[in-house]
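Coordinate inspection notes
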Amino acid sequence: MTLSRESAVTGNAVSQAWSSHEGAAALAAPTSTEKRRVFDWRILLGFFLPVAIALLWEAAVTFGLAEGRLVPPPSRIIAMLWGLAQTGELRTHAWMTLWRVLVGFVIGSLSGIVLGALSGSSKTMRQLLDPTLQALRAIPSIAWVPLFILWLGIFEASKVALIAIGVFFPVYLGIAGAILSVDRKLVEVGHVFRLSRVQLARRILLPAVLPEAVIALRSGLGLGFMFVVAAEFMGASEGLGYLLVDGQQMGKPDQILAAIIAFALLGKTADSLLVVAAKPLVRWQDTVRERL
Amino acid sequence: MLTFEHLSKTYADGTRALSDINLTVHEGEIVSLIGGSGCGKTTLLRLIAGLDRESAGRIRLDDEVLSGPHPAVGIVFQEPRLLPWLSVFDNIAFGLDGLSATEKKLRVTHALEKIGLVEHADRWPRDLSGGQQQRVSIARAFVTNPKVLLLDEPFSALDAFTRASLHEHLLGLWEETRPTVVLVTHDVQEAVTLADRAVVMQPKPGRIFDELPLTLSRPRDRTGLPFETSVRRVLTALDHSLKAPQAQPQRERDRQAAALWW
């Protein structure tokens, strides 16, 4: 009896300590704890429409209301995905696509960052670079394909070049724009403390442009995935884009849809990784909600 | 000692923001620049801070002519202007780059104690209220131990209670090193609370209209009669300074009328 009461008391104390600890945490970071504590069930609302449509279509095909030859039911797509995964084909193709995007993204975003920083921070450089780059930007990137094939051959180099072009422009524009829009008032703080140009860039400009730089990189990455499809349409024997073309030529809509789903998953994962990697750098942001 | 000699500033668009300013601010003195909007108060401060260049004349700090930002001159802007990506601690330490980590910590912690924000050292500026942010901004200017501290209407965006408590924080910090302070304000009460001398300015072009010594003993009792009298004196001077330029167009018109007559 006494024992149980004692344990009840200690239990109480523990829960009290816990709650005070929680209280302190809430004081320190009110928004994040609130978010963690209450799971927003409305997030699941987003799943309702696609799941309902998938189930309806599955039922329609099962009960013979539709043939499902050109629009395969979800079960057949999943079976196809599973099959591709089993044979290891899915991994080979996905890896190939990912590799192309990655190389193109690195080349495109690095040159975008360098040229964007130059044209954002120096008026002379802007007047020198920007008109040419803007003119090049007006060319639909796919129009480069024939030239790239002539110059770089039909293998990887031309594909990576196309992806790099696609990544370059949003990154260039985003970085240059971000630097141009840095608050003059914060730059003045740097002047008052007599920062050199390099110090000013490192201590004020760089952190100030980071949030927008992340957004620029994300849209660059998105375009990278867009252009990898185009690049793989140019003729490839591997890659998710090849699966698409192959599915069309062989009349296998389930393979096309499986490749599309793989693209979606891959793109979303890459984007999320970028967001997670950038999060510690832009934690300080004072925005109403997290950006898209 | 801070000296202005025939200081003038004309902007590129031809606006004469300041015209022939001559003024001496003694060491450890708190001078308040007061006047209607557009009389060049903020321009004068930006010239001292080295953020703008004078068109004519010069500013001297002791025997040195100021050109560009000077290590012995600190400024607190109208807005806190904290760097949002640095914690409160790092914001205050922003100007202490050359110092050792221990010295830095010592100075910043002391400043945090003075402004009563020790427990907020690790927070982001966004988590602070407007008054707290401005306190951090004042601390950032003080930790470098400037000889001259410039304050550009630093309390204008705050409510009366916060402002009164910030005046105390400011005087508390000032007591320690007694820097020369140039305070721009449009609040007469504030000028009388803080300053040893009120310099009343006049717009179009910005120039000095009058100087009034404020010799009340510190700490100043804001409700006492001497305080009231001083406020009234400054207000009267301010009133005259604002009326004076209106007389000018009147004279101008008379002259034009006379020209027509002849």
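Keep in mind that this is a model prediction, so the values were computed, not measured. Every chain is numbered on its own, with residues counted from 1 as its sequence reads. By the order in which they are written, chains take letters starting at A while ligands take numbers starting at 1. pLDDT decides what is reported in this predicted model: residues at 70 or higher carry local features, side-chain atom pairs at 80 or more are listed and counted, and totals for whole chains, interfaces and linings draw on all residues regardless. Side-chain numbers come from the whole structure's heavy atoms, not from hydrogens or water.

Time to look at the overall build of chain A. Helix and strand definitions follow DSSP, with helices as H or I runs of at least four residues and strands as E runs of at least two, each counted in order from the N terminus. Assigned secondary structure in chain A consists of twelve helices and zero strands. When the elements of chain A are put in sequence order from the N terminus, they spell out α-α-α-α-α-α-α-α-α-α-α-α. Partly exposed residues are those whose accessible area sits between 20% and 50% of the maximum for their type, while under 20% is buried and over 50% is exposed, using a 1.4 Å probe and protein chains only. The proportion of buried residues among the 292 residues of chain A is 35%. Residue exposure ignores everything except the shown protein chains as possible cover, and the areas themselves are Shrake-Rupley values with a 1.4 Å probe. Total accessible area on chain A stands at roughly 18100 Å², and carbon and sulfur atoms take up 70% of it.

Below, the discussion takes up the sheet that holds strand E2 (residues 16-25) of chain B. Residue and element names in this part refer to chain B. Strand order in the open sheet made by the four strands is E2-E1-E4-E5, with antiparallel pairing throughout. Here the strands that pair on one side only, and so sit at the sheet edges, are E2 and strand E5 (64-65). In terms of strand pairing, strand E4 (residues 56-61) meets E5 through two bridges, oriented antiparallel. Considered in E5, the bridge of arginine 60 is made with valine 65. Note on definitions: a residue-residue contact is assigned when non-hydrogen atoms from the two residues lie within 4.5 Å. Every axis corresponds to a line fitted to the C-alpha atoms, with the helix fit spanning only the stretch in contact, and the corresponding angles, defined between N-to-C directions, vary from 0 to 180 degrees. Contacts from helix H1 (residues 41-49) reach strand E1 (2-10), E2 and E4 within the one sheet, and its direction differs from that of E1 by about 115 degrees. A strand pair is defined by DSSP finding two or more bridges across the two strands.

The nonpolar core is taken to be a set of buried Ala, Val, Leu, Ile, Met, Phe, Trp, Tyr and Cys residues, with the residues joined through side-chain atoms within 4.5 Å. Judged by nonpolar contacts, the single largest core of 82 residues is most densely connected at Leu2, Phe4, Ile48 and Leu150 of chain B. With twelve residues, the top contributor of residues to this core is helix H10 (residues 197-233) of chain A. With near-sequence residues (within four places) excluded, leucine 2 of chain B lies in contact with Leu23, Thr24, Val25, Ile48, Ile59, Arg60, Leu61, Leu66, Val148 and Val182 of chain B. Among the nonpolar cores identified, the runner-up in size contains 46 residues, and Phe89, Leu173, Val200 and Leu212 of chain B belong to it.

On to the interface of chain B and chain A, then. Contact residues are listed per partner, giving 21 residues for chain B and 21 residues for chain A. Buried area adds together the accessible area that both of two parts lose upon being put together, with accessible area traced by a 1.4 Å probe. Carbon and sulfur atoms make up 64% of the area that chain B and chain A hide from each other, which totals about 2100 Å². Its largest share of buried area at the contact with chain A, chain B owes to Trp85, Phe94 and Arg126 of chain B, together 34% of the area lost on that side. Here, a salt bridge means any side-chain nitrogen of Lys or Arg that lies within 4 Å of a carboxyl oxygen of Asp or Glu. The interface formed by chain B and chain A contains four salt bridges. Glutamate 188 of chain A is the partner of arginine 81 of chain B in a salt bridge, and the nearest nitrogen-oxygen pair spans 2.7 Å. Whenever a nitrogen or oxygen atom comes within 3.5 Å of another N or O atom, the pair is scored as a polar contact, on the condition that within protein one atom can donate a hydrogen and the other can accept it, and that pairs from neighbouring residues in sequence are kept only if both atoms are in side chains. At the junction of chain B with chain A, the criterion picks out eight residue pairs in polar contact (both at pLDDT 80 or more).

With that out of the way, let us pick up the packing of helix H5 (residues 89-121) of chain A against helix H8 (residues 156-180) of chain A. When two helices pack together, their arrangement is given by the angle between their axes and by how far apart the axes lie. Residue and element names in this part refer to chain A. Between H5 and H8, the shortest axis-to-axis distance is 6 Å and the interhelical angle comes to 35 degrees. By crossing handedness, the relation of H5 to H8 is classed as right-handed. By the convention adopted, Pro, Cys, Tyr, Trp, Phe, Met, Ile, Leu, Val and Ala count as nonpolar, Lys, Arg, Asp and Glu as charged, and the other residues, Gly among them, as polar. Looking at the contact of H5 with H8 residue by residue, the classes come out as 20 nonpolar, nine polar and three charged. What makes a crossing left-handed is the near helix being turned counterclockwise from the far one by less than a right angle; a clockwise turn instead makes it right-handed.

What follows covers unusual backbone geometry. Of note, the bond from lysine 204 of chain B into proline 205 of chain B is cis; its omega dihedral lies within 30 degrees of zero at -10 degrees. Of note, arginine 194 of chain A is a non-glycine position whose phi angle comes to about 55 degrees, a positive value. Note on placement: arginine 194 of chain A falls in the loop between helix H9 (184-192) and H10. Looking at arginine 194 of chain A, the relative accessible area reads 39%, which means it is partly exposed. Phi is positive for asparagine 145 of chain B, close to 50 degrees, though the residue is something other than glycine. For asparagine 145 of chain B, a relative accessible area of 44% puts it in the partly exposed group.

The full count for this structure, using the stated rule, is 21 salt bridges over all chains. Among the salt bridges present, the one from lysine 185 of chain A reaches glutamate 79 of chain B, with a minimum N-O distance of 3.6 Å. Taken together, the residues lysine 185 of chain A in helix H9 and glutamate 79 of chain B in the loop between strand E6 (73-76) and helix H2 (88-92) connect one chain to another. The class of lysine 185 of chain A is partly exposed, set by a relative accessible area of 28%. In this structure, arginine 81 of chain B engages glutamate 79 of chain B in a salt bridge whose closest nitrogen and oxygen atoms are separated by 2.7 Å. Here arginine 81 of chain B falls in the buried class, since its relative accessible area comes to 10%.

Function-wise, these values are silent; they only describe arrangement.
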